[in-house]
Structure formats: structure tokens, C-alpha cells
Amino acid sequence: MSSEAPRSAYSPGDAMVHVRAVQNTSGRSTLWRIMALTWRHPWMVIITIASTIIASTLQLAVPRLLGIAVDQAAGLLDGVKAEEALWTTAMILFGVSVGRGLFTMSMNYFGEAVGHHTAYELRLAVYEKIQRLSFSYHDKVHSGDLITVGMLDLEGVRMFFATGVLRVILLGILIGVGAFMLLTTDVVLGLLALSFAPFVAWVSSTAQLRLRATWLTLQEMLQNLSRVMEENLGGIRVVRAFAGQKHEMQKYDVASDAALRLAHQRVDIRVKSTSAMNFTFFASMALVLWVGGEKVIAGEMTVGTLASFLTFMTILQMPVRQLGLMVNSFARASTCGNRLFAFLDLEIEIKDEPGAQPLKLTEGTLRFENVDFAYPSAPFRPVLSGVSFEAKKGETIGIVGRPGSGKSTIAHLIPRFYEVTGGRVTIDGQDVRAVTLDTLRKAVAVVQQDSFLFTTNIENNIAYGDPWAKEQRIARASEYAQLHNYIMGLPTGYETIVGERGVSLSGGQRQRLNIARSLMLRPAVMVFDDSTAAVDAGTEQRIRTAMKRFAKDRVTIIISHRLSSLMHADQILFIDEGKIVERGTHAELLELGGRYRALYDLQVRPGDDVLEAAE
Amino acid sequence: MTEATLNAEDESESEDRRRRPPRAVVGSSLDKEEEIFGKAYDPRIVRRIWAFVRPYRKQIYLSVAAVLVFTLTQLAIPLIIRFAIDNGMATGGGGREILLWAIVGFFFTILVNYGASYIQESVVGKAAERVLFDMRRAMFNHLQRVSLSWMDKTEVGRLMSRLMGDVNSMQEFLETSVLSVGDLVLLFGIIGVLLWLDPVLGLVTMATMPVLFIVRLFWLPPAKKSFMDAHHTNSAANGALAEGINGVRTVQSLDRQQVNFHLYEEKAHANLRNHLRAAKFAQVMVPIVDTLTGISMATVIVLGGQMVLGRQLDVGVMVAFLFYIQRFFDPIRSLTMQYSVFQRAMSSGQRITEVLDVPVTIEDKPGALKLTYDMDGSVEFKNVTFGYRKNQPVLKNVSFRVNPGETVAIVGPTGSGKSSCMSLVHRFYDVWEGSVTVGGHDVRDVTQESLGDQVAMVLQEPFLFTGTVLENIRYHKTSATREQVIEAAKAVGAHDFITSLADGYDTKIEQRGGNLSLGQRQLISFARALVADAKILVLDEATANIDSYTEMLIQKALKRLLEGRTGLVIAHRLATIRGADRIIVLQNGELLESGNHDELMKKQGLYSKLYTMNYSSFDDLPENAEDMAAAAVGKAT
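Residues numbered from 1 in each chain as written. Chains lettered and ligands numbered in written order. Predicted model: local features only at pLDDT ≥ 70, side-chain atom pairs only at ≥ 80, totals over all residues.

S.K.: What is the right way to look at the overall build of chain B in this model?
M.R.: Within chain B one finds 24 helices and 12 strands. Out of the 637 residues in chain B, the part that is buried amounts to 46%. The contacts of chain B with a sequence gap of at least 6 include a subset with a gap of at least 24, amounting to 79%. (Helix = DSSP H or I, 4+ residues; strand = E, 2+ residues; numbered from the N terminus. Buried ≥ 20, exposed ≤ 12 C-beta atoms within 10 Å, placed from the backbone. Contact = placed C-beta atoms within 7 Å.)

In C-alpha cells, the structure reads:
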């Protein structure tokens, strides 16, 4: 969309507009909600439906015209008149064919277009919703499920208009009007000509529903198979180290055979239904030919009428067989739509409160006041209780404790990734819940232990939080994080693509990139959440030295297992079971001779005596 | 680097924040593996594919025969109708008796049609599935044996797309190529029948056929491109969505939602546009085909009708013509589409054969020995030179011996060749020069399986498979009893945390152990090595910082694991290094020094330098390893 480049897209816009549109339809049944969303494009819907009606009417005219032509040719009129009549019929038929083609095109095109437009809006809604749902939601939902919602469910909803709704109209007219025409011409023959329809419709519908059910199972089995292969290939060293090839092939064969069996079953279902449908169709055609033939011989009917019955059947055959697809489309739209709407209707737990103000930074002081916290999934298991501390600009706070003691939770509460359950967190006296999320998160950077690398070049990855940044600043940040030299050593330097499908970085390199990324934000509060665990001690030392000047203008919080990372802090908090059990400077805590001291001994003098003493 | 550049709010920068962020993308910056449209027919690849089809050739012959019969019955039906009209219903014809015979013939034909359609689709469908599964199994089986250096260079994702995607795209090809035989027969059958019924009317009616051919010829390339474009933008949008899901925490931490939304909107919009364009291309054929059908029908009515009037043509023939015209264009449509299916299949076939052709470099010698438990358990490197790329040796003339029952720690900076030593003991690669012996036998003289039985390995990244904890611990020895597993877990100190899991030893491990901590995974992999009960243990210690409590457990487990075994440990942790009987220091692929801790400290070489540099771990120093090494060498000389 380069042509619309300078729109105000990058200043606050209304990304939620499509989410709201979906939510406005809530309270109705799923299929109605899909229809309501479709109706956001009324002109396209109207054109499509009109085209469908016209196309199916023209379609019905063809057998009639052919029958007339046959009768005209069979000499029911005399010589010259007959010739003229033939010309007239031929011209009308030609016109009808062209018209049918054009309106069918319009029906199909606009039918699909409606679906694509609706899908486009739903896509945006899903994407925005994913971005805005808080951590506690993403903690409990598997990423694969979200991908299913965003890809497969969306597809099911998209197809509904064209393969479900339109088919109903088309079939309704073809069968309804067609049946009326046939039955008014000849009741018996009409019934015979239509006799295949109920059976084929039934076979087709049950087969489609079974195929859909088995398709879902087959997908699971194939996923299972690909998981077996993926694990094997990813862990090929373990497999070979333990001479596990035979065992692995067995595992593979079990998964593969199960999938193959089901695939064969599906072939059976499909083949049985198609050959049964073909047979039924032809059988009723034979009956029409027989009974109709008798009538022609008896002089009760013209050959042309018989021919029009037969061609009418050929025209009806395809749409009736597709009835199964229509039924399938309804079933699919209903389940997919259910999941999709349930997702889009979710309440976002953490968002700007009404009347939230932008964060105003003055002193740059961070304060925890009697903070309690429990995860929403386990509200009765306190993770933090009564945590209070204060950090002024330029100060460094070190936090240490066992895994699961609640250290990282402290980091997550500052940018409001989770909501405190008691007490409050303030920055310059403003409760984090009273300020806007975007200004808060710009002011607080949490460097996580493991963060996501985007499949793009290193430069873009570092500038992820500030994509307008200039090159020099990116280079500075990576110099601070001790990553610059490594990057310059790569053949393509900052242009090197990393991430899932690019060059893979070691754990330590990823962590350093992560640090550089957070530095780009120029945050008022910078939290290192075990973010140097994979960086070696020497490099960490150099990062710390580089950061010293940077730390003057902000609050720095260091959470780590490694005491060397945080023993220079102005204040060290020792957390256990969600409470601060010891606090003070490194010297004070050593003096105290408590838990901190024990940990220090363990890390710095790891002889046998300490191992035993620690037991 | 000055403070100002990083910290100050640059005015010019803040001003242009309304413009498109120059450094922002969502979704992969890499293009999807371009679908190469190769030749539609490549004899070499067809031969390779045929090798997989060959075992099922009887089924294929049968279904081709069924397709022929099926098509012939399809062709026959309008002829029977014509016969019934002209001979049964026409005045002066045979009357009811002939009509009855025609109906009997009709029923007979559709019974044959029923049987043929069943056989054709069922046999070819099932055979195609079997061929696919055979292909995939052959590839997977081959990958179990190809050299690790090839596996190292190849992304798992890329292999998976070959194992799943390329194999699946062969399916369409296998199924439709038999059916396209039917299309061809139908096309020529219709032409033949029409000419036979009435050559003049036939020729005039079919005049529209080449028109459609020519139209399709011009239509196909741009249409195909528009379909591909739609496909590409769709995967681009889906890729961006997947990224948004997996990276959501980072996105929120760095407050990128607004920017990402608009970038995603662009991708989604491009996708919308391309799909609408593709729909236009697909649908524009509808009125063209309908117009041509209309022309043909009008011709039959005017010309055929006049012939009927002039008694030059039976009315039944005219009806038959009208029936055939309805089926006229179907085979042309599917045959022209078939061309792209062939092209796709050839490029998939190309990629599949590439995988099957990867050479297997390491194989058991004919008559290779079986290494047994009663060998002495020593490991020796004799003048080993080895590398991964030509002229770039990673190990240079390295010799050392690990005596039975001894624990030797290998230390050195990244790139010093530590991991290569470990891989060589297991014969993941073959040495260039010199030899590696285990229990006195050259590793090239023993079977790989027996070597795997006697040398247990613990990797730096503990790799767990989907399955229960129990299955993971007895991964190597599936015959191990539950008691043996529990015993091993107790010995390495993993029992306590395992029993505290939801289902104890039967707890399912998900997503490669994502529900366990790194330390716990490490302990499970120790238990796994203990159950394997090998004489020799090769271990690459984890570098990542584990919390001190777990680390203590691991240290104790390690001790237990090395008891009574020969141990070769790539060590990073002080405690491990100090606990070893001997320390070997590698640097740039050369053995620099060896001895125990005290001896090496006295030497004042690289070891003592590394030792004083680090605090509590012996991690690698990626960036300044070179300077360090130089400094150390400078000191030593």
C-alpha cells in the first residue's frame, strides 16, 4: 500500500475498530453473527444475491430451450417456420448462455469477495486482540490453539457465505423452481427425474460430515507423525549417542501406520459415496428414459420434452452433489465461528483505566508499597506478600532468592504485565494502574532471561522497541551490551538475519542482544531479570562497567542467581517464599551471616566442605 | 561511545515519528522457499518416483484399465439415449421392445460404470497413499544414517517441509495423473464419437474447442502467477500472525503493538488484494466457457435442427450432441491445470531425491567387531587431526589417554575443539589422521551400535522426547524395569522431584520438557545415562547458570554417575574441574597443557589465567578468546 504511505497510521489509530464490530454482534447465535459481519458490506451482498437469483433462473431456462429446439427440429412445425423458429431458439439460447456465464461469474466473484473482506477484518481483529491480551491469558493458552483460531477458524468463517449461504439460495431456486416446472409438465416423470436428489443429498451430506470428522483426526495423526520426526531430527545427537535409530523407526512406524490406516478409511468413505451417487443419478436417468420413452411412443409426450427432462437432470446433478459441501460449511462455520467469537469476546484484563493519564517522570523514583500478588490461575497461593522497597534514580537494587521465590514476579509487576492483588507500585508517586500502558511500558524495560528473536536482521531486532532509531544509537546500544564486536565479525554485520530461519545465536549472544534492545528504550526503570545467566562472567563484568554511566539516570534492578552480578548493588533484597527476608548492602549481608552469606560461600568456595555443609 | 548519543532525545528523530518506521517488519524478512517451476517432465526424477510406484504397478495397471472402462461408459450413455430415441421412439421404429432393450443396456452400462468408478478411485487412491508413506519412510530412514556434519548444516524446519510438504504435494500428482489418462480418453472419445455420428456437424460444433485451448494458453501464465501471489501473501500474513503469537511478551514489553498492527494491516491488505485478483482470474473463465458452450449449442440447434428437418439427421443424434456439449470443456479444463500439477510434482520430486541422495559417510565396516562390556574401558586419542571443512582442522595432532575408571576434564575457550573430541569418541565423524580407540579398538573397527551401547553420552542441552518421564529415562534401554529406572533416578537425586510431579514417573513430558526446569531436565538425562549402564561416559556440562541449589544436586549426581566408569567431561564448572583426576587444556585445536589443578596453577599457563578470570564458572569467552590465548601463550614463552 505504498500509495497510501503518508497516512497517520503510526500515530494512535483505531486498531480496535474491528474487534468492537465483532463484539457488537454478541448475544446472537454464531451463524447470525457471521451474517451480521457479512452485512458490513451490504452492496456486495446484494449484488451477489441478485446475481445468484438471475444465474440460477437462466440456468433453468437452458433445458427448456433445448427441449423446444428438439421439438422444432423434430418437425412439429412446418418447413420455413420451423427454420425461423430454430434460429430464434438458438439466438435466445446463446443469449441465455452468455447471461448465465456473466451472472455466475458475478455470483462467484462477489461471493468470494464478501468472504475475503470479512476475513480481512476478522484477521485484523484477531491480531490486535492477541497483541492486547495480557500475560496471564497467554500463560494459560497454548500458542498452537491461537494459531488454529487465527488461521483455520477464520477460514471456516470466511467460506460460510460462498459455500453455505449462497448454495442455499442457488439450490433452493434450482430444485424448487425446477421441481415446479417439471411437475407441472408431467407429474410422474417429474418425480422420477427428481428421485435421485434426496438420496444423493443424504449420501453426500453424511459422507462430508464423516470426511470432516476423519480429516480432523487425520490432521492430529499427521501432527503426531511430524512431531516424532521433528524430535528425532532435532535430537539426532541423542538418538545416535544412545544408538536409538531402531527404536526411533519403531516409533515412526507406529505413528505412520495409524495415519495410513485412517487415510485409507477416508479413501473408502469418499469412493463409496461418489460411486453410489453416480449410480443413483444414472439409475433415475434410466427410469426417466424408460417411462418417458413409453410416453413418447404412446404419443403423450414429445421427444423434446423428454430431452429437456434429461438435460435438466444433468444440470441439477452437480449442485445436488454439492449439498454435502453446503451442510459441511454450516457445521464448520458454526464450530469455527464459536471458537473465533469466544476468543474475540474475551475481556482484556490489563488495559488503560478510564481517565488514565500519561506517566509523568520527575524524580524517577520507583516504590513498592506493601505489595501482594497471586497469579489469577491460583488466587489462594500468594507469590508475593508485603513487599516494600524504594529505589531512587541512579540506584541499583539487587534481588536474589531460590527459583520460585517470587523474584521475577517483582519484575513483572512494574510494567503491569500482571496486576498486584494488594498494595501498590508507584513511579514518581503515580500508581502504575493510573497511567496509560504505553507510556508506562516505554518507561520500564524488563530484560528477560529468554526473549523472542524476530526473523529479521540484527539491526531491526535491536531497534525493535524504537524502529525509528538511527544507526549510531543502535551501534552504541550493542557496544554497551558487548555485542558490537561479535556483530561486526559476521560477514554481513548488522544486516545478518537472525531468528527462527536465520543465523542462530548462542544463549549468551541472545541475552546480550536482549540487553541492547532494552537500552534502546532509554527507560526510567531498567530491570535485568536473570538476563545474564548465559553470559560468561568476564563479559558480564564488561557489560556492568559499560552500564555504569547509563545507570546514573535511571533505577536499575538486577535479579540473578549469580551473586557476582549483583553484589555491587546499593541494596540487596533476599526473597524467600514471597517475602523479603534479608536486606542490606553486600557487606552488611555478609556481616549478618544469614542466608545470603551461605549462598555466597557456596558460590565462591565450592569445595567439598561447602557441599556437605549446605546439606 | 558517549553518554549523550545513547541517552539524549534527538530532536530530529522524534519529529519524523509519524512516518513509516524504517526498521520495522512483522513476519519473516526471508522470502518463503520460492516454488521453483521446473520442467513439467524430467526423466531422471520420473525414474526415481517410479521406483516408489513400481511395487504397486499392478494396482496402477488395474486402475488405468478401470479409468478406460469408466470413460467408455460415460461416452456410451448419450449414445444409448440416442439409440432409444431414434430406434425405440421414432415412428416406424421397433417400438417398446427396442426401448426396453435400450433401458436394459443403460442399466448394464451404469453397473459397469459403478464398478469401474469404484475400482479406479479406490485402488489409485490407496496406492497413492501407500507410495507417499513409503517415500516419507525412506527419507526418514535415510536421515537416520546420513552424516552428522550434513545434519548440522541443515535446518530441521527445512527437512520437515520436505518430509511433509513435498511428499504431500506428490499426492495430488499421483492421484490426478491416473485420472488425467481418463480426461485424455474422454476428450478424444468425444471428438471421435461426434465425428462418427455426423462428421460435418461434429466439425462445426467442435470449432469452439481450439478457441478455448488458445484462450487457456494465454490465460494460464498470468492466472497461475496470481494464484501463487495469493498463496504467498497468505503465508506471509499467517507467518506474521504466528510471530505475533510467539513473540507476544516481547511485543508488549517493548510496546510495539501500534506499529505492528499497521504493518500487519499492510500484509493482510496485500493478501486481500491478491486473493481478489486471483478470484477474478479464476472466474473470468466462467463466462468464456459458457459463451463457447452457447455457441456450440446454438450451432447444433440451427445446423443440426435443419438437418433433422431435412431428414439428413436423426433427432436422437441431435439430442446426443447436446449431451456431449455439456461435457465438452471439462477435460480441456482439467488437462490444462494438470500441467501445473506436473511442474509442482517435479520440483517436489527434485527436493525429495536431494534428501535421498545425501551420502552416508559413516558405515560399519564389513565384519566390524562388537564391542562388549568386558573391554577395559580406556579411551585413547592418537595423533588425531580432524575438521569439518577442508583445510580447516579443528583438532591438530591431539594425543591423550583416559585410563579405565579415570575422570578427565577437558577445558578451553570456545572453538578449542572440546566438543569435537566428544563427538569423535562416539564416531559421529571420522578422523582425518590418527585414530581414536575405545577399549583398545579403533572406533572404525567396531559396530556403531555396540559403540553406542558402551559409550553413554550426556549432552549440554538435555534433550527430552515427548513421552513419560519413565520412557525418557529408559530411552536407551527400553528393556529396563520400572525398579531399575527408579533406582537410577534415586541415585542421581531426581526421584524427589519426579514423585512430586502430577503423575510421578508417568508424567507426560510436553514440548521437549518445557514443563520442567533446566536443572530437572539435566538430572533426567543423568538418570538416562545411568540406566544405559555404559562403561564409558562422555559428558558435556551445561554452561547455563543453574541456581545454586539445583547445581549442588547436579554435582552430587555427577559424582555418582562417574563412579566406576571412565569419564571424559567437557567441564565449565569449577567444582567439576577440581573434582577431575586430570585436566586437559585445549586451545585452537591443540593440546596445550595437562595435569591436575595444582600442577596447572603452578604452570601459570592458559588454565591459571582462565581460572583467575572467572568467578564460579568456567564459561567460554567468545569474544576475547583470541587475545586471551595470545596473552597466555605470551606468558608461557
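Now that the structure has been shown, the text picks up again.
S.K.: Is there a simple way to think about the overall build of chain A in this case?
M.R.: For chain A, the count of helices and strands is 23 helices and 10 strands. Against the 2.2 N^0.38 benchmark of 25 Å for 615 residues, chain A shows a C-alpha radius of gyration of 36 Å, more extended than a compact globule. Principal-axis analysis of the C-alpha atoms places the extent of chain A at approximately 120 × 60 × 55 Å. Within chain A, the proportion of its 615 residues that are buried is 51%. (Rg over C-alpha atoms; globule rule 2.2 N^0.38 Å.)

S.K.: Explain the domain arrangement of chain A to me, please; I cannot follow it from the model alone.
M.R.: Interface size, as often reported, equals the accessible area lost upon joining of the parts. Split into domains, chain A comes out as domain 1 (13-186 + 326-348), domain 2 (196-300), domain 3 (366-584) and domain 4 (587-615). A straight line from the C-alpha centre of domain 1 of chain A to that of domain 3 of chain A covers 51 Å. (Domains from an automatic or database assignment.)

S.K.: Before we go on, may I ask you to explain unusual backbone geometry in this structure?
M.R.: It is generally the case that most residues other than glycine have a negative phi and that most peptide bonds are trans. The residue Arg416(A) is not glycine, and still its phi comes out positive at about 60°. For Arg416(A), the position within the fold is in the loop between α13 (407-413) and β4 (422-427). You will see that Asn588(B), though not glycine, has its phi angle at about 50°, which is positive. Within the secondary structure, Asn588(B) sits in the loop between β11 (582-587) and β12 (590-595).

S.K.: Sorry, what's going on with the pairing of strand β7 (residues 525-529) of chain A here?
M.R.: Of all five residues in β7(A), five are buried, a share of seventy percent or more. Side chains Val525(A), Val527(A) and Asp529(A) of β7(A) all project onto a buried face; the interleaved residues Met526(A) and Phe528(A) project onto the opposite face, where all are buried too.

S.K.: What is the right way to read the sheet that holds β4(A) from this model?
M.R.: The strands making up a sheet associate through hydrogen bonds between their backbones, and the pairing can be parallel or antiparallel. All names here are of chain A. Strand order in the open sheet made by the four strands is β2-β1-β4-β5, with antiparallel pairing throughout. At either margin of the open sheet sits one strand with a lone partner, and together these are β2 (384-391) and β5 (430-431). The pairing of β4 with β5 spans two bridges and is classified as antiparallel. The residue of β5 that forms the bridge with Ile 427 is Gln 430. (Pairing = 2+ DSSP bridges.)

S.K.: What exactly am I supposed to notice about the interface of chain B and chain A here?
M.R.: Facing the 146 residues of chain B at the interface are 154 residues of chain A. Looking at which element gives the most residues to the side of chain B that touches chain A, the answer is helix α11 (residues 257-309) of chain B, with 35 residues. Residues of the side of chain B that touches chain A, tallied by class, amount to 73 nonpolar, 47 polar and 26 charged. (Nonpolar A, V, L, I, M, F, W, Y, C, P; charged D, E, K, R; others polar.)

S.K.: Would you take a moment to explain helix α10 (residues 245-297) of chain A for this structure?
M.R.: Since one α-helical turn is 3.6 residues long, residues separated by three or four positions face the same way. The terminal C-alpha atoms of α10(A), which comprises 53 residues, lie 76 Å apart, in line with the 78 Å expected from a rise of 1.5 Å per residue. Downstream of α10(A) by one or two residues, Gly299(A) has phi in the positive range, about 80°. (Expected span 1.5 Å × (residues − 1).)

S.K.: Just to check I follow, could you spell out helix α7 (residues 156-197) of chain B for this structure?
M.R.: Taking 1.5 Å as the rise per residue, α7(B) with 42 residues should run 62 Å; its terminal C-alpha atoms sit 61 Å apart, in good agreement. Along α7(B), the helix axis deviates most sharply at Ser177(B), where the bend reaches about 30°. (Bend = angle between axes of the 7 residues up to and from the residue.)

S.K.: Would you mind going over the confidence of the model for chain B with me for this structure?
M.R.: Predicted coordinates in regions of low pLDDT should not be interpreted in detail. Residues and elements named next belong to chain B. Summing up the model confidence of chain B, the mean pLDDT is 82 and the portion of residues at 70 or higher is 88%. Scored below 50 in pLDDT, residues 7-15 shows five contacts in the model against residues more than four places distant or in partner chains. Note that residues 32-37 has pLDDT below 50 and, in this model, seven contacts with residues that lie over four places away or in other chains. Quick note on the complex model: pTM equals 0.82, ipTM equals 0.87. (pLDDT = per-residue confidence, 0-100.)

S.K.: Explanation requested: the sheet that holds strand β6 (residues 455-458) of chain B in the structure shown.
M.R.: Residue and element names in this part refer to chain B. Taken in spatial order, the six strands of this open sheet run β6-β9-β10-β3-β11-β12, and their pairing is mixed. The sheet is open, and its two edges are formed by β6 and β12, each paired on a single side. Adjacent strand axes in the sheet meet at a mean angle of 20°, parallel and antiparallel pairs treated alike. Relative to β11, strand β3 (residues 407-411) is paired through four bridges, and the arrangement is parallel. Residue pairing in the sheet places Val 411 in a bridge with Val 585 of β11. (Axes fitted to C-alpha atoms, helices over the stretch in contact; angles between N-to-C directions.)

S.K.: Sorry if this is basic, but what is going on with the packing of helix α3 (residues 42-73) of chain A against α11(B) here?
M.R.: Packed helices, taken two at a time, are described by the angle their axes make and the gap between the axes. Between α3(A) and α11(B), the least distance of the axes is 8 Å, while the angle of their chain directions is 30°. When the axis of α3(A) is compared with that of α11(B), the two are roughly parallel. Contact residues: α3(A) offers Ala69(A), Gln72(A) and Ala73(A), while α11(B) offers Ile301(B), Gly304(B), Gly305(B), Val308(B) and Leu309(B). Split by residue class, the contact of α3(A) with α11(B) holds five nonpolar, three polar and no charged. (Parallel < 35°, antiparallel > 145°, perpendicular 65-115°, else oblique.)

S.K.: What exactly am I supposed to notice about the environment of Pro331(B) here?
M.R.: Residue and element names in this part refer to chain B. By the element assignment, Pro 331 lies in helix α13 (residues 330-356). When the 21 C-beta atoms within 10 Å are taken as the criterion, Pro 331 is described as buried. Sequence separation between Pro 331 and Leu 187 is 144 residues, and the spatial gap between their C-alpha atoms is 6.0 Å. When near neighbours in sequence (up to four residues on either side) are disregarded, Pro 331 contacts Asp 183, Leu 186 and Leu 187.

S.K.: Can you help me understand the packing of α3(A) against helix α12 (residues 315-327) of chain B in this one?
M.R.: Between α3(A) and α12(B), the shortest axis-to-axis distance is 10 Å and the interhelical angle comes to 160°. Taken together, α3(A) and α12(B) sit at an angle that is classed as roughly antiparallel. Crossing of α3(A) against α12(B): the hand is right-handed. Residues Leu66(A), Val70(A) and Ala73(A) of α3(A) pack against Val315(B), Met318(B), Val319(B) and Leu322(B) of α12(B). In terms of residue class, the contact of α3(A) with α12(B) is built from seven nonpolar, no polar and no charged. (Left-handed = near helix turned anticlockwise from the far one by under 90°.)

S.K.: What's the story with the environment of Asp372(A) in this structure? I'm lost.
M.R.: Residues and elements named next belong to chain A. In this fold, Asp 372 is placed in strand β1 (residues 366-373). Looking at Asp 372, the number of C-beta atoms within 10 Å reads 15, which means it is partly exposed. In this structure the C-alpha to C-alpha distance between Asp 372 and Arg 212, which are 160 residues apart in sequence, comes to 49 Å. Beyond its immediate sequence surroundings of up to four residues, Asp 372 is in contact with Pro 382, Leu 384, Ser 385, Gly 386, Val 420, Thr 421, Gly 422 and Gly 423.

S.K.: Whenever I open this one, the confidence of the model for chain A confuses me. Can you help?
M.R.: All names here are of chain A. Of all residues in chain A, 94% attain a pLDDT of 70 or more, and the chain-wide mean is 87. Counting interchain partners and residues more than four positions distant, the pLDDT-below-50 stretch residues 1-12 has 14 contacts. Segment residues 607-615 is flagged for pLDDT under 50; beyond a separation of four residues in sequence, or across chains, it makes eight contacts in the model.

S.K.: Sorry if this is basic, but what is going on with the environment of Ile60(B) here?
M.R.: All names here are of chain B. Its location among the elements puts Ile 60 in helix α4 (residues 57-89). The class of Ile 60 is partly exposed, set by 19 C-beta atoms lying within 10 Å. Along the backbone, Ile 60 and Gln 120 are 60 residues apart, and their C-alpha atoms lie at a distance of 9.0 Å. Setting aside anything within four residues of it in sequence, one finds Ile 60 in contact with Val 53, Ala 127 and Val 178.

S.K.: Just checking my understanding: could you explain the pairing of strand β2 (residues 392-402) of chain B for this structure?
M.R.: The side chains of a regular strand alternate between the sheet's two faces. Sheet topology places strand β1 (residues 379-389) of chain B next to β2(B); seven bridges connect them, and they run antiparallel. In the sheet register, Val384(B) faces β2(B), and the bridge partner there is Val398(B).

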